[in-house]
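Structural overview
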Amino acid sequence: MLKQEMADALNKQVALEAESSQAYLAMASWADTLPGLSGVSNFFFRQSEEERMHMLKLMKFINERGGYAQVPALPQPQLTFTSLKSAFELFLKHELMVSESINDLVEASLRLKDYATHNFLQWYVTEQMEEERIARMLNEKLELIGEDKSGLYLFDRDIMTAGEPGQ
Ligand code: OFO
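Here is a short report on the structure shown in this document. Everything numeric in this text was worked out from a predicted model, so none of it was measured. (Residues numbered from 1 in each chain as written. Predicted model: local features only at pLDDT ≥ 70, side-chain atom pairs only at ≥ 80, totals over all residues. Heavy atoms only, no water.)

**Re the side chain of Asp114**
- In this structure, Asp114 sits in the loop between helix 3 (84-111) and helix 4 (115-145).
- Among the residues examined, Asp114 registers a relative accessible area of 9% and is labelled buried.
- Here Arg65 takes part through its side chain, which lies 3.3 Å from a polar atom of the side chain of Asp114.
- Excluding residues that lie within four positions of it along the chain, Asp114 makes contacts with Leu2, Met6, Arg65 and Ser109. (Helix = DSSP H or I, 4+ residues; strand = E, 2+ residues; numbered from the N terminus. Buried < 20%, exposed > 50% of the residue type's maximum accessible area, 1.4 Å probe, protein only. Polar contact = N/O pair within 3.5 Å; in protein donor to acceptor, adjacent residues only side chain to side chain. Contact = heavy atoms within 4.5 Å.)

Okay, structure coming up:
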């Protein structure tokens, strides 16, 4: 049975995953309106779906352990970006923030001696490591490319498979 403090903390994470999904959905739609960036747009649509899956996984866990997973109210995410680089910088910043939040949850689970939640959270720890790696790698690529149009063309093509095994 989940302690109230743990259930509340997990519900905050539900909201954060939902916010992440919305934030990346906004990035996807923004990129979708720009010429030649269908790879970037697809990438963010995919990320948005993944975040929703992370949210659902948490909700199921909370309910299965006797808590009540609450559907959160969401603020409107940022809708436009000054550049592709700024969108990807925000993506990395957001992932780092989510990682910190997961770390706080792990810490709370240990403090409350909730080892089932601690075990459940390991999946999120691993997932965040991978998402941070991808976000960093994409930011580094954009840094290298600068204003080079052919570089951007290749970036958009390569990002189609970013996040898949071996990438
Ligand atoms: Fe939910 O994995 Fe990133 O944020």
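**Points about the environment of Leu154**
- Along the polypeptide, Leu154 turns up in helix 5 (residues 149-158).
- For Leu154 and Gly39, which are 115 residues apart along the polypeptide, the C-alpha to C-alpha distance reads 9.8 Å.

**Concerning the pattern of salt bridges**
- Applying the stated criterion across every chain, the model contains 7 salt bridges.
- We note a salt bridge from Arg65 to Asp114, for which the minimum N-O separation is 3.3 Å. Of this pair, Arg65 sits in the loop between helix 2 (38-64) and helix 3 while Asp114 sits in the loop between helix 3 and helix 4, placing them 49 residues apart in sequence. In terms of burial, Arg65 and Asp114 fall into one category: buried.
- One salt bridge connects Arg133 with Glu130, and the closest N-O pair in it is separated by 2.9 Å. Linking Arg133 with Glu130, this pair stays in helix 4, spanning 3 residues, or about one helical turn. (Salt bridge = Lys/Arg side-chain N within 4 Å of Asp/Glu carboxyl O.)

**Some words on the packing of aromatic side chains**
- If you walk through the whole model with that rule in mind, you get 13 aromatic pairs.
- Here Phe44 and Phe88 contribute two aromatic rings whose centre-to-centre distance is 5.0 Å and whose plane-to-plane angle is 40 degrees, an arrangement assigned as tilted. Here Phe44 is found in helix 2, whereas its partner Phe88 is found in helix 3, with 44 residues between them in sequence. Of the two residues, Phe44 and Phe88, neither departs from the other in class, the shared state being buried.
- Pairwise contacts between aromatic rings join Tyr24, Phe43, Phe44, Phe88, Phe91 and Phe155 into one cluster.
- The aromatic ring of Trp123 is capped on one face by Lys57, whose charged end is 4.5 Å from the ring centroid. (Phe/Tyr/Trp six-rings, centres within 6.5 Å; stacked < 30°, edge-to-face > 60°. Lys NZ or Arg CZ within 6 Å of the ring centre and 35° of its normal.)

**Considerations on the nonpolar core**
- One finds Val40, Phe43, Phe44, Phe88, Leu138 and Phe155 to be the most contacted residues of the largest nonpolar core, which totals 25 residues.
- Elements with a minimum of two residues in this core: helix 1 (4-32), helix 2, helix 3 and helix 4.
- Apart from residues no more than four positions distant in its own chain, Phe44 is found in contact with Tyr24, Met27, Ala28, Phe88 and Phe91. (Core = buried A, V, L, I, M, F, W, Y, C linked by side-chain atoms within 4.5 Å.)

**Structural notes on unusual backbone geometry**
- For Lys113, which is not a glycine, the phi torsion comes out positive at approximately 55 degrees.
- Turning to its location among the elements, Lys113 is positioned in the loop between helix 3 and helix 4.

**What about helix 5?**
- Of the positions making up helix 5, those classed as buried are Gly151, Phe155 and Asp156. With its buried residues spanning 135 degrees around the axis, helix 5 presents them on a single face. Turned more than 90 degrees away from the buried face of helix 5, the exposed residues are Lys149 and Tyr153.
- Residues of helix 5 that are buried make contact with helix 2, helix 3 and helix 4. (Arc of directions from axis to C-beta.)

**A look at the packing of helix 1 against helix 2**
- Remark: helix 1 packs on helix 2, axes separated minimally by 8 Å, with the N-to-C direction vectors making an angle of 165 degrees. One element, helix 1, and the other, helix 2, form an angle in the roughly antiparallel class. The handedness of the crossing between helix 1 and helix 2 comes out as left-handed.
- Classifying every residue of the contact of helix 1 with helix 2 gives 16 nonpolar, 9 polar and 4 charged. (Axes fitted to C-alpha atoms, helices over the stretch in contact; angles between N-to-C directions. Parallel < 35°, antiparallel > 145°, perpendicular 65-115°, else oblique. Left-handed = near helix turned anticlockwise from the far one by under 90°. Nonpolar A, V, L, I, M, F, W, Y, C, P; charged D, E, K, R; others polar.)

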